[in-house]
There are 2 protein chains.
Amino acid sequence: MQTELSKKLGIEHAIFGFTPFPAVAAAISRAGGLGVLGAVRYTAPDDLARDLDWMEQHVDGAPYGLDVVMPAKKVEGVSEADVEAMIPEGHRQFVKDTLAKHGVPELAEGEASGWRITGWMEQVARNQLDVAFDYPIKLLANALGSPPADVIRRAHDHDVLVAALAGSARHARKHADAGIDIVVAQGYEAGGHTGEIASMVLTPEAVDAVAPLPVLAAGGIGSGQQIAAALALGAQGVWLGSLWLTTTEADLHSPALTRKLLAAGSGDTVRSRALTGKPARQLRTEWTDAWDDPAGPGTLPMPLQGLLVAEAVSRIQKYEVDPLLGTPVGQIVGRMNEERSVRDVFDELTRGFEKAIDRVNRIAGR
Amino acid sequence: MQTELSKKLGIEHAIFGFTPFPAVAAAISRAGGLGVLGAVRYTAPDDLARDLDWMEQHVDGAPYGLDVVMPAKKVEGVSEADVEAMIPEGHRQFVKDTLAKHGVPELAEGEASGWRITGWMEQVARNQLDVAFDYPIKLLANALGSPPADVIRRAHDHDVLVAALAGSARHARKHADAGIDIVVAQGYEAGGHTGEIASMVLTPEAVDAVAPLPVLAAGGIGSGQQIAAALALGAQGVWLGSLWLTTTEADLHSPALTRKLLAAGSGDTVRSRALTGKPARQLRTEWTDAWDDPAGPGTLPMPLQGLLVAEAVSRIQKYEVDPLLGTPVGQIVGRMNEERSVRDVFDELTRGFEKAIDRVNRIAGR
């Protein structure tokens, strides 16, 4: 499965795997794709360096990438405390009440929230990049718009390709104008932040909007058939995130969450602002229902909502409070029905792709 | 573009075109697809007979089908007047106020509303079928669930295949259990009534759910690339509706509406209950905004909403009141940018399909 882009990156299959887990990213790269490590949780640069060291030892020389969350707009002179102060008391009380209703225990004294808003701040992402450019990463992806111009230049100086996620053809063109190298067209059905346009429509629109820049299709892809479909739509590769959450190498720290993912159908996700303040697809839970309920206080804009719920989300995850327990995931969750190794998943993707190509050739009379 | 299903129906390309316009349906069949005439607006059986006579004279012997809107559940002993009486006065006033705000003129004395709720009633659909089975239709599609068992039997007695639209794998299985022959898997991005699951995810789920019954992919398809994608996902054909609205053979009776469709982007539709009470994708307008506004009275359930707004919709369309003027249409509207003949559209579809197959074969190294 070779496109111009996969050849440029020296990978065997044009399959890009986004994951917060180094073991998953390394396994994707070893299997012939490009493992892309999500950096948002590395608020301490040393932690990122440690995991990139580990990646280096486990990719067998295969290329890999890094995904950061760098806001398109710089927020000058605003501290986390300033942002904290903007959260209305009624919203704080709603978090307390919702947690209390479900008997969610407190974190232990001094125990940090696992998911920190600071990971979204530009300075944190810049610290991550200072670490990352010491490693031979091949791709730098940004989940929140185009990275700043100096970051794009710095990446190019290190021969690192820059990718940015887009939910519309207009966003894709904006990224192209900013000088990035790859657009990741993220359809409505995708996990995490996503727009209203479904992959079937978005992929070719993004391709037309930025040609000859390459487009990766993201959203709704978890089988070889879906990869064939995305490539037929003009993509130069596919960007898969959700599918790896139930691999044996993934470390969700929650057997209950893994069970929920394995049991969920494609209709069990919701595009909700509950997690960050921007619409993000995730498992539908009583937590998302509470935030999406017109009778409730509603969500706050980014970054307030993320800061407001960070500790609550950590508590729900740590204590595996089933009715509230969720995670960003796409509609493809309906196909994630057993825990398997990354290698097994990857082999099924490439075999399924070949079968889909056979099928369309038969239909086309070839 | 031949699948088992297209061979069974004796059509050259596995492209099914749904349209309310006989001239469009006939042109699709002549071009080698299967034109499927939407019957919902034919409340008088004679009108349907007249247009089917016309079809017979203009399809050059090619097969064609009919699409009815037959409720899955029979409503016994309830008249249109009974339903009218269930509409709250506040909602009637909201319609009046919204029309008045935009200066929408009244219909002339005795002028009928062009879009009648009665078209949704089972008896009307049965009258349509009494007419239709006198013609050599090859396909009977139902847009509202499986048709009643006796209708399926009657179709089969006439060698007519029965299709039903489904928005989830569960719906698809239900249709299969009812004895239908073809599932039309209608993705989130489709025009008209549609669910939450996007075509990229829904198509293979529906295929797996009802195999070996054939599935047609609907939603987001308006190019040969998208046809190739849908077939790679396991569909035995594609079901296109929106794309024909801007063909020269279509008769929207509104140059302003045609202009709006040609100008709209993929982000200019909304899935709203404004038209019928069930979520249906349509152009986003000040009319849909008014109904979707949390500050407004909100929509009524089907069939009340349809009955409530029928006359208003006719007035908006007749007088082409631009800010309110809309129509059901899918996200593919972003690709509908010029008026062309059905034949030109069809040729572009088949050429684009061949190019997409070339492309995926190159990527697969074949």
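All chains use their own residue numbering, which begins from 1 and follows the written sequence. All chains are assigned letters beginning with A, and all ligands numbers beginning with 1, in the order in which they are written. Confidence filtering applies because this is a predicted model: local features only for residues at pLDDT of at least 70, side-chain atom pairs given and counted only at 80 or more, and all residues used for totals across whole chains, interfaces and linings. Hydrogens and water molecules were not included; the side-chain quantities draw on all heavy atoms of the structure.

An unreviewed UniProt entry lists chain A under the name Nitronate monooxygenase, from Streptomyces antnestii.

Draft legend 1. Representation of the sheet that holds strand β6 (residues 182-186) of chain A in the model. Residue and element names in this part refer to chain A. Strand order in the closed barrel formed by eight strands is β1-β2-β3-β4-β5-β6-β8-β9, and the pairing between neighbours is parallel. Ignoring strand direction, the axes of neighbouring strands in this sheet form an average angle of 25°. The criterion for strand pairing is that DSSP finds at least two bridges linking the strands in question. Segments assigned H or I by DSSP are reported as helices when at least four residues long, segments assigned E as strands when at least two residues long, and all are numbered from the N terminus. In this structure, β6 lies alongside strand β8 (residues 215-218), joined through four bridges in parallel fashion. Counted as the bridge partner of Ala185 is Ala217 from β8. A fitted line through C-alpha atoms serves as each axis, taken over the contacting stretch for helices, and the angle formed by two N-to-C directions is quoted from 0 to 180°.

Draft legend 2. Examining the sheet that holds strand β6 (residues 182-186) of chain B more closely. All names here are of chain B. Taken together, eight strands build a closed barrel; the order of strands is β1-β2-β3-β4-β5-β6-β8-β9 and the barrel is parallel. Each strand axis lies, on average, 25° off the axis of its neighbour in the sheet, ignoring direction. We call two residues in contact when some of their heavy atoms are within 4.5 Å. Contacting β2 (34-38) and β3 (64-68), helix α3 (residues 45-58) runs over the sheet at an angle of about 160° to β3.

Draft legend 3. A look at the packing of helix α10 (residues 224-232) of chain A against helix α9 (residues 199-210) of chain B. Running from N to C, α10 of chain A and α9 of chain B cross one another at 135°; their axes reach a closest spacing of 11 Å. Judged by the inter-axis angle, α10 of chain A sits oblique to α9 of chain B. For α10 of chain A against α9 of chain B, the interelement crossing comes out right-handed. For the pair α10 of chain A and α9 of chain B, contact is made by Gln225, Gln226, Ala229 and Ala230 of chain A and by Met200, Val201 and Pro204 of chain B, respectively. Of the residues contributing to the contact of α10 of chain A with α9 of chain B, the split by class is five nonpolar, two polar and no charged. Should an angle lie under 35 degrees it is considered roughly parallel, over 145 roughly antiparallel, and from 65 to 115 roughly perpendicular; all remaining angles are considered oblique. In this scheme, a crossing is called left-handed if the near helix is turned counterclockwise away from the far one by less than a right angle; it is called right-handed if the turn is clockwise. In the scheme used here, Gly and all other residues not listed as nonpolar or charged are polar, with Ala, Val, Leu, Ile, Met, Phe, Trp, Tyr, Cys and Pro taken as nonpolar and Asp, Glu, Lys and Arg as charged.

Draft legend 4. Structural context of helix α2 (residues 22-30) of chain B. All names here are of chain B. Burial analysis of α2 places seven of its nine residues in the buried class, which makes it a mostly covered element. Restricting attention to buried positions, one finds in α2 the residues Pro22, Val24, Ala25, Ala26, Ala27, Ile28 and Ser29. Packed against the buried residues of α2 are β1 (15-19), β2, α3, β3 and α14 (342-363). Phi for Gly32, located one or two positions after α2, is positive at around 110°. We call a residue buried when its accessible area falls under 20% of the maximum for its residue type, exposed when it is over 50%, and partly exposed in between, using a 1.4 Å probe and counting protein chains only.

Draft legend 5. View of the side chain of Thr98 of chain A. The residue Thr98 of chain A is located in helix α5 (residues 89-101) in this model. Polar side-chain contacts of Thr98 of chain A include one of 2.7 Å to the backbone oxygen of Phe94 of chain A. Whenever two N or O atoms come within 3.5 Å, that pair is a polar contact, provided that in protein one can donate a hydrogen and the other can accept it, and provided that, for residues adjacent in sequence, both atoms are side-chain atoms.

Draft legend 6. Representation of the interface of chain B and chain A within the structure. Listed as interface residues are 44 residues of chain B and, on the opposing side, 44 residues of chain A. Across the chain B to chain A interface the summed buried area is about 3,600 Å²; carbon plus sulfur atoms make up 55%. A salt bridge links Glu354 of chain A to Arg366 of chain B; the shortest N-O distance between them is 2.6 Å. Here chain B is connected to chain A by 23 residue pairs in polar contact (both at pLDDT 80 or more). Put simply, buried area is the surface a 1.4 Å probe can reach on two separate parts but cannot reach once they are joined, added for both. By convention in these notes, a salt bridge is any Lys or Arg side-chain nitrogen within 4 Å of a carboxyl oxygen on Asp or Glu.

Draft legend 7. A look at the nonpolar core. Grouped together as the largest cluster of nonpolar side chains are 132 residues, with contacts concentrated most on Trp287 of chain A together with Trp287 of chain B. With residues near it in sequence (within four places) discarded, Trp287 of chain A still touches Val95, Thr98, Leu99, Val309, Ala312, Val313, Ile316, Pro323 and Leu324 of chain A. Listed in part, the 43 residues of the second largest apolar core include Ala125, Leu140, Ala185 and Val215 of chain A. Take the buried residues of types Ala, Val, Leu, Ile, Met, Phe, Trp, Tyr and Cys, join any two whose side-chain atoms come within 4.5 Å, and each joined set is a nonpolar core.

Draft legend 8. How the structure looks around the relation of the copies chain B and chain A. Mapping chain B onto chain A calls for a rotation angle of 180° and an axial translation of 0.0 Å; the resulting RMSD is 0.0 Å. On this basis, the relationship between the two copies can be described by a two-fold rotation axis. Minimal C-alpha distance to the rotation axis in chain B is attained by Ala229 of chain B, lying at 1.9 Å. Copies overlap after least-squares fitting; the atoms used are the C-alpha atoms of residues with pLDDT of at least 70 in both.

Draft legend 9. Region of the structure containing helix α7 (residues 149-157) of chain A. All names here are of chain A. Here α7 has its buried residues at Val151, Ile152 and Ala155. Summarising the axial view, the buried residues of α7 lie within an arc of 100°, below the 170-degree limit, and thus occupy one face. Of the residues in α7, the exposed ones pointing more than 90 degrees away from the buried face are Arg153 and Asp157. Of the surrounding secondary structure, the elements contacted by the buried residues of α7 are α6 (122-132), β4 (139-142), β5 (161-166) and α8 (169-178). Downstream of α7 by a residue or two, Asp159 has a phi angle that is positive, lying close to 55°. By construction, the arc corresponds to the directions joining the helix axis to the C-beta atoms.

Draft legend 10. Geometry of unusual backbone geometry. Following Met302 of chain A, the chain continues into Pro303 of chain A via a peptide bond in cis, with omega recorded as 0°. Along the chain, the position of Pro303 of chain A falls in the loop between α12 (286-292) and α13 (304-318). In this model, Asp60 of chain B sits at a positive phi of 55°, which is unusual for a non-glycine residue. Structurally, Asp60 of chain B is set in the loop between α3 and β3.

Draft legend 11. The domain arrangement of chain A, seen in detail. Residues and elements named next belong to chain A. Where each domain starts and ends comes from a domain assignment, either automatic or drawn from a database. The domain architecture assigned to chain A consists of domain 1 (1-75 + 121-249 + 340-366) and domain 2 (79-115 + 252-335). Taken together, the contact pairs 21 residues of domain 1 with 17 residues of domain 2. Roughly 1,600 Å² of surface becomes buried between domain 1 and domain 2 when both sides are summed, with 64% attributable to carbon and sulfur atoms. It is His193, Leu245 and Thr246 in domain 1 that bury the most area against domain 2; as a group they hold 29% of the surface buried on that side. Viewed at the interface, domain 2 and domain 1 are joined by one salt bridge. In this structure, the salt-bridge partner of Arg271 is Glu196, at a minimum N-O distance of 3.7 Å.

Draft legend 12. Focus on the packing of aromatic side chains. The pairing test for Phe, Tyr and Trp rings, Trp by its six-membered ring, is centres within 6.5 Å, and the orientation test on the planes gives stacked under 30 degrees, edge-to-face over 60, and tilted for anything in between. Using the criterion set out here, one finds seven aromatic pairs over all chains in the structure. Here the aromatic rings of Tyr188 of chain A and Tyr188 of chain B are separated by 3.5 Å at their centres, their planes lie at 5°, and the arrangement is stacked. Taken together, the residues Tyr188 of chain A in the loop between β6 and β7 (192-193) and Tyr188 of chain B in the loop between β6 and β7 (192-193) connect one chain to another. Pairing Phe94 of chain B with Trp291 of chain B gives two aromatic rings, centres 4.9 Å apart and planes at 75°, and the pair type is edge-to-face.

Draft legend 13. Structural context of the environment of His13 of chain A. Residues and elements named next belong to chain A. Position of His13 relative to the elements: it lies in the loop between α1 (4-9) and β1 (15-19). When the C-alpha positions of His13 and Val238 are compared, they lie 9.6 Å apart, and in sequence the two are 225 residues distant. With residues up to four places along the chain from it excluded, the contact list for His13 reads Met1, Ser6, Ala31, Gly32, Gly33, Phe346 and Thr350.

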